[in-house]
Structures are given as structure tokens and as C-alpha cells.
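# What the coordinates show
Given next are the chains, with one letter for each unit.
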Amino acid sequence: QVQLVESGGGLVQPGGSLRLSCAASGFTLDYYAIGWFRQAPGKEREGVSCISSSDGSTYYADSVKGRFTISRDNAKNTVYLQMNSLKPEDTAVYYCATVLRDCSGSYYLYEYDYWGQGTQVTVSS
């Protein structure tokens, strides 16, 4: 069964850190780019970051650049999103998704093949 499972979300104070994981089962992530997305209440889903499979190139939304880092461990079939200096506006449900192409500046417009169920990130004091 093909599945993506996000984990690592939770409640954190402003300025804190979290590391999200996106673990795949039933298929290998080796040939897929992985995108991270988020959706806050009452807002549209937005692209956060993307990492390619061929060369590991990465892209970030301007709102998270310099604070978030995406990485992948193909041996563990897992992609990570390290989130530092978190702000209340980062509060959202975070999703990972896979696509059979490399990332580009318009990664958030791609049609992704598989999606995880999401993990809640809440940044609040």
C-alpha cells in the first residue's frame, strides 16, 4: 500500500524549532521530488519547499527562506523539513507530497501524485 506519513508536528513557542518527517512506504522516494505544503485555517494551501531527486536541488517559499531546511535520506525513504525560528504565522497543517519530476520555481503548481495526511504545527506562546 502506497503511503506517505508525516510526523513531528506539535506545539512550539515562537523562536522554537521542529523537524517534520515524511516517510514513504509501499514505494521508493528515489525518483520523486518531494514538496512540503501547508494550510492554515481559512487560507489556501501554499508551497513551502521542494527537493529534487536527481540533484537534490531545493526551493523555498520566501516566507521560510533562511529558517527552514529541506533534506532527504533515500536510505530511510524519508524527507525532512527542519523548521527554525518559528513564527506564529507558520501555524498550519503541513503536508508532504511526491511528484515524478524535478523541482523548479513553480513546484507549487505541479500535480502531485501522493499526499500525506498532514501534521499540525502550532506556534504560540
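All of these numbers come straight from a predicted model, not from anything done at the bench.

### What about the pairing of strand β7 (residues 68–73)?
Side-chain alternation along β7 places F68, I70 and R72 on a buried face and T69, S71 and D73 on a face that remains uncovered. Sheet topology places β7 next to strand β8 (residues 78–83); six bridges connect them, and they run antiparallel. Counterpart to S71 in the pairing with β8 is Y80. Where β7 folds back on β8, the antiparallel hairpin that results is connected by four residues, among which N77 adopts a positive phi of roughly 55 degrees.

### Brief notes about the pattern of salt bridges
Enumeration over the complete set of coordinates arrives at four salt bridges. With its nearest N and O atoms 2.7 Å apart, the salt bridge here joins R67 to D90. Here R67 is found in the loop between β6 (58–60) and β7, whereas its partner D90 is found in the loop between β8 and β9 (92–99), with 23 residues between them in sequence. One continuous salt-bridge network, built from bridges that share partners, spans R38, E46, R67 and D90.

### A word on the sheet that holds β7
A sheet is described by the order of its strands in space; here four strands give the open sequence β1-β3-β8-β7, paired in antiparallel fashion. The sheet is open, and its two edges are formed by β1 (3–7) and β7, each paired on a single side. Geometrically, the sheet is characterised by an average inter-axis angle of 15 degrees between neighbouring strands, direction not taken into account. Strand direction decides the pairing type here: β1 and strand β3 (residues 18–25), joined by five bridges, are antiparallel. The residue of β3 that forms the bridge with E6 is C22.

### Observations concerning the nonpolar core
If you look at the biggest cluster of nonpolar residues, it comprises 37 residues, and the most contacted ones within it are W36, F68, V79, L81, M83, Y94 and Y112. Elements supplying a minimum of two residues to this core: β3, β4 (33–39), β5 (46–51), β7, β8, β9 and β11 (119–123). Top element by residues in this core is β9. It accounts for five residues.

### A closer look at the environment of G116
Inspection of the secondary structure assignment puts G116 in the loop between β10 (114–115) and β11. Taking C-alpha positions, G116 is 19 Å from T69, a pair spaced 47 residues apart along the chain.

### So, the state of the cysteines
Put plainly, a disulfide is one covalent bond tying together the sulfur atoms of two cysteines. All chains considered together, the criterion is met by two disulfides. The residue that forms a disulfide with C22 is C96, at a sulfur-sulfur distance of 2.1 Å. Measuring the twist about the S-S bond at about 75 degrees, one finds the C22-C96 disulfide to be right-handed. Here C22 is found in strand β3, whereas its partner C96 is found in strand β9, with 74 residues between them in sequence. In this structure, C22 and C96 share a single accessibility class: buried. The partner cysteine of C50 in its disulfide is C103, sulfur to sulfur 2.0 Å. Disulfide C50-C103: the torsion about the S-S bond is -75 degrees, which places it as left-handed. In this pair, C50 sits in strand β5 while C103 sits in the loop between β9 and β10, placing the two residues 53 residues apart along the sequence. Overall, the relative accessible area of 0% leaves C50 in the buried class. If you count the bonded cysteines of the protein chain from the N-terminus, they pair up as 1-3, 2-4.

Conventions we followed
- Residues numbered from 1 in each chain as written.
- Predicted model: local features only at pLDDT ≥ 70, side-chain atom pairs only at ≥ 80, totals over all residues.
- Heavy atoms only, no water.
- Buried < 20%, exposed > 50% of the residue type's maximum accessible area, 1.4 Å probe, protein only.
- Helix = DSSP H or I, 4+ residues; strand = E, 2+ residues; numbered from the N terminus.
- Pairing = 2+ DSSP bridges.
- Salt bridge = Lys/Arg side-chain N within 4 Å of Asp/Glu carboxyl O.
- Axes fitted to C-alpha atoms, helices over the stretch in contact; angles between N-to-C directions.
- Core = buried A, V, L, I, M, F, W, Y, C linked by side-chain atoms within 4.5 Å.
- Disulfide = S-S within 2.5 Å.

Nothing here speaks to function; it is geometry throughout.
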